[in-house]
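Take a look at the letters that make up each chain.
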Amino acid sequence: MEESVLVIGAGIAGLSVALALGPTGRRVTLLERDVEPPSGDADEAFRDWNRRGVGHLRQSHAFLARLGKIIVSEHPQLREALLAMGVRELGFDKMLWPSQKATYVPKPEDAEFTLLTSRRTTLELVMRRYVETLPNVTIRSGVMVRRLLTERDPSGVLKVVGVLVEAEDGASELRAPVVVDAGGKGGSGVEQLIEEGAPIAQETETAGILYFTRHYRLRPGKSEPPREGNPPSGGDLGYLKFGVFPGDNNCFSVTMCAPEIEYELRKAIVRPEMWDRMIDNLPGLKVWCDAEQAEPTSRVFGMGDLLSRWRDLVSDEAPAVLGYFAVGDCLIRTNPLYGRGCSLAAVQAYMVRDALAETTDPAARLMAYDRRVRGELRPYYLAMRGQDRDAIRRAEQALTPGYRPTLREKVLRSFVEDGITPAVRFDIDLLRESMRGFHMLEHPNAWFRKPRNFAKILGYWARGKKRNAAAYPPKAGPNRATMMRALGLPAEADIVILAERRAADARGEGKIAA
């Protein structure tokens, strides 16, 4: 194929499109608004790479097995380059609960559950350098896409025929039969198409949290704290979620997530002294971040505007637009807490490849793409959105004095905490089954729906907490009131704000300002 393809953006999504389409022989041009990356090593990229178009560049990232599997099967040389730059592979054995390690017998399928870990800048730098070696792929940096070029086809459907770009040498029009929008959550392509009459439906709701991350480097001679014998390095306290993300070249990051309604906490957390005080009160983080163990290599990076968003490029079983494919965050946005954003983008890129290979008809191509996206990725979106809704409810309940859960809530919570959790921490085969959904290797709930697996879960639930005691980790951290006192923050302020908001809603006045 010598078909030309324009790709808006050269982040993970855009680079994945290049990886998918480059080997097909198509002429692929990536248009990137930001400057070229530094020419040095991973540390220089983390320190100096200016990526205004990627606000979450220095947030924690985890790269699931689905992305790693694509790299290994389609571009094994890229895998070697990633490893050479310090990107790490964490295998299934690293995910075992301590009580499982004594009886663990590796199976061939365990190789599928390999997690890639590194700083986002490192992965993106290596991917970009590799893509630049592909013979029919070009990356143009410092090129801002101002608008999509559109026209109407004979049937009246809006058709994208190219883009209007602006660079140092001025504005110009670039045309191609296929435009792939990998412009991220800040891209304006879909909004433009909707303004021009394309019937693109979208559903959007808040993820309910804000993200805060700080990066560290182990001091010379220090190694990562072992999992055994230490408090958990990740947890969900209701008012706060936290975790450690191992990185490349002796680096790691710590991320804390605060519910949107925890205004006092989220305002304080970006201050270095408050961040350090929180670390001191979370034993599993303190063993990683103690001054003798590691040193900070960044400030605290905050990230808000976290949404769940799904867009449909098909309306009433017909294409809403022709010649245009959206991938990554401009098509599907999910809470970064679940670590699926990069894998979703890569999977969509290869779905574009398969749709283009299936037919040359523009309408049929879009329909083929939509069929794949909706059939395979919609279940993940719905599962993550459901988890967000549950977390928002729990956060509000924590700020409701005297709240008493219903019997249904108690039973469901017990089933998760006293049934599912012990089951996957005792039964290695169940853990394998659950990892297939976690890593996007099959439907997220497929393992749970299998009668044999469900029966096992019920069995562990029926055993009771005493017999399952080894599956419960030590307490991850203090309750909300204790943490707020330790930070010197008013514990009652957000309780009052939530109560006032509910009263305003009841009066039909909408949500009050924080």
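Everything here concerns the structure above.
As the structure is a prediction and not an experimental result, all values here were calculated from the model. (Residues numbered from 1 in each chain as written. Predicted model: local features only at pLDDT ≥ 70, side-chain atom pairs only at ≥ 80, totals over all residues. Heavy atoms only, no water.)

## Description of the nonpolar core
In plain terms, the rule: Residues enter a nonpolar core if they are buried and are Ala, Val, Leu, Ile, Met, Phe, Trp, Tyr or Cys, with the set joined through side-chain atoms within 4.5 Å. A 1.4 Å probe rolled over the protein chains alone gives each residue an accessible area, and that area as a share of the maximum for its type sets the label: buried under 20%, exposed over 50%, partly exposed in between. The contact definition used throughout considers only heavy atoms, calling two residues in contact when any of these lie within 4.5 Å.
Grouped together as the largest cluster of nonpolar side chains are 91 residues, with contacts concentrated most on L30, V163, V180, L193, Y324 and Y369. Contact partners of V180, with chain neighbours within four places excluded, come to V5, L6, V7, I8, V17, F325, V327 and V352. Formed by 30 residues, the second largest nonpolar core is a distinct cluster that contains L210, F242, L265 and M484.

## A word on unusual backbone geometry
Rule in force here: A run of DSSP states H or I qualifies as a helix once it reaches four residues; a run of E qualifies as a strand once it reaches two. Both are numbered from the N-terminal end.
Located in the positive-phi region is N250, a residue other than glycine, with phi close to 65°. Tracing the backbone through its elements, the reader meets N250 in the loop between β13 (241–246) and β14 (251–259). For E317, which is not a glycine, the phi torsion comes out positive at approximately 60°. Checked against the element boundaries, E317 lands in the loop between β18 (314–315) and β19 (318–319). Residue E317 is classed as exposed on the basis of its relative accessible area, which comes to 74%.

## Re the sheet that holds strand β6 (residues 144–152)
Rules: For two strands to be treated as a pair, DSSP must find at least two bridges joining them. Axis lines are fitted through C-alpha atoms, for helices just across the contact stretch, and the angle between N-to-C directions can take any value from 0 to 180 degrees.
Across the sheet, which stays open at both edges, the three strands sit in the order β6-β7-β8 with antiparallel pairing between neighbours. Pairing within the sheet leaves two strands with one partner each, and these edge strands are β6 and β8 (170–175). On average, each strand axis in the sheet is tilted by 25° relative to the strand beside it, whichever way the strands run. Here β6 runs beside strand β7 (residues 158–167); their pairing, made up of eight bridges, is antiparallel. By the bridge assignment for β7, L148 is matched with V163.

## Regarding the pattern of salt bridges
The test is simple: Take a side-chain nitrogen of Lys or Arg and a carboxyl oxygen of Asp or Glu: if they are within 4 Å of each other, that pair is a salt bridge.
Counted by the stated rule, this structure contains 50 salt bridges. For R119, the salt bridge is made with D43, and the minimal N-O distance between the two is 2.8 Å. Taken together, the positions of R119 in the loop between β4 (115–117) and α5 (120–131) and D43 in helix α2 (residues 42–48) put the pair 76 residues apart, joining distant regions of the chain. You can call R119 buried: its relative accessible area is 6%. With a relative accessible area of 24%, D43 lands in the partly exposed category. For D110, the salt bridge goes to R432, with nearest N and O atoms at 2.6 Å. With D110 in the loop between β3 (88–90) and β4 and R432 in helix α13 (residues 428–438), this residue pair connects regions lying 322 residues apart in the sequence. This pair shows no difference in class: D110 is buried, exactly as R432 is.

## Re the packing of helix α3 (residues 65–74) against helix α4 (residues 76–84)
To be explicit about the condition: Oblique is the label for every angle not falling under 35 degrees (roughly parallel), over 145 degrees (roughly antiparallel), or within 65 to 115 degrees (roughly perpendicular). Residues are grouped as follows: Ala, Val, Leu, Ile, Met, Phe, Trp, Tyr, Cys and Pro are nonpolar; Asp, Glu, Lys and Arg are charged; all remaining types, including Gly, are polar.
Taken N-terminus to C-terminus, the directions of α3 and α4 make an angle of 120°; their axes are 5 Å apart at the nearest point. If you check the angle between α3 and α4, you find them oblique. When α3 is examined against α4, the residues I71, V72 and E74 are found in contact with a partner set consisting of P76, L78, R79 and L82. The residue makeup of the contact of α3 with α4, split by class, is five nonpolar, no polar and two charged.

## Points about α3
Those residues of α3 that sit buried are A65, R66, L67, G68, I70 and I71. Looking at the buried positions of α3, the neighbouring elements they touch are α4, β4, α5, α10 (341–358) and α11 (362–398).

## Re the environment of M351
Looking at the element boundaries, M351 is found in helix α10. Leave out the neighbours within four places in its chain, and M351 touches Y369, R372, V373, E376 and L377.

## Let's talk about the state of the cysteines
In plain terms, the rule: Any cysteine sulfur atom paired with another within 2.5 Å is treated as part of a disulfide.
Summed over all chains, the structure comprises zero disulfides. Of the cysteine sulfurs around C257, a residue in no disulfide, the closest is that of C289, at 15 Å. Take C289: it sits in no disulfide, and the sulfur closest to it among the cysteines is that of C251, at 13 Å. According to the relative accessible area criterion, C289 is buried, its value standing at 11%.

## Examining the packing of aromatic side chains
The condition is simple: When the centres of two rings from Phe, Tyr and Trp lie within 6.5 Å, Trp using its six-membered ring, the rings pair. Their planes under 30 degrees apart give stacked, over 60 give edge-to-face, and anything left gives tilted.
Scanning all chains against the criterion turns up 12 aromatic pairs. A ring pair is formed by W310 and Y381, whose centres lie 5.4 Å apart and whose planes are at 50°; its orientation type is tilted. Placement of the pair is W310 in strand β17 (residues 307–312) and Y381 in helix α11, with a sequence separation of 71 residues. When its relative accessible area of 3% is taken as the criterion, Y381 is described as buried. Between F325 and Y369, the ring centres sit 5.4 Å apart and the planes meet at 80°, which makes this aromatic pair edge-to-face.

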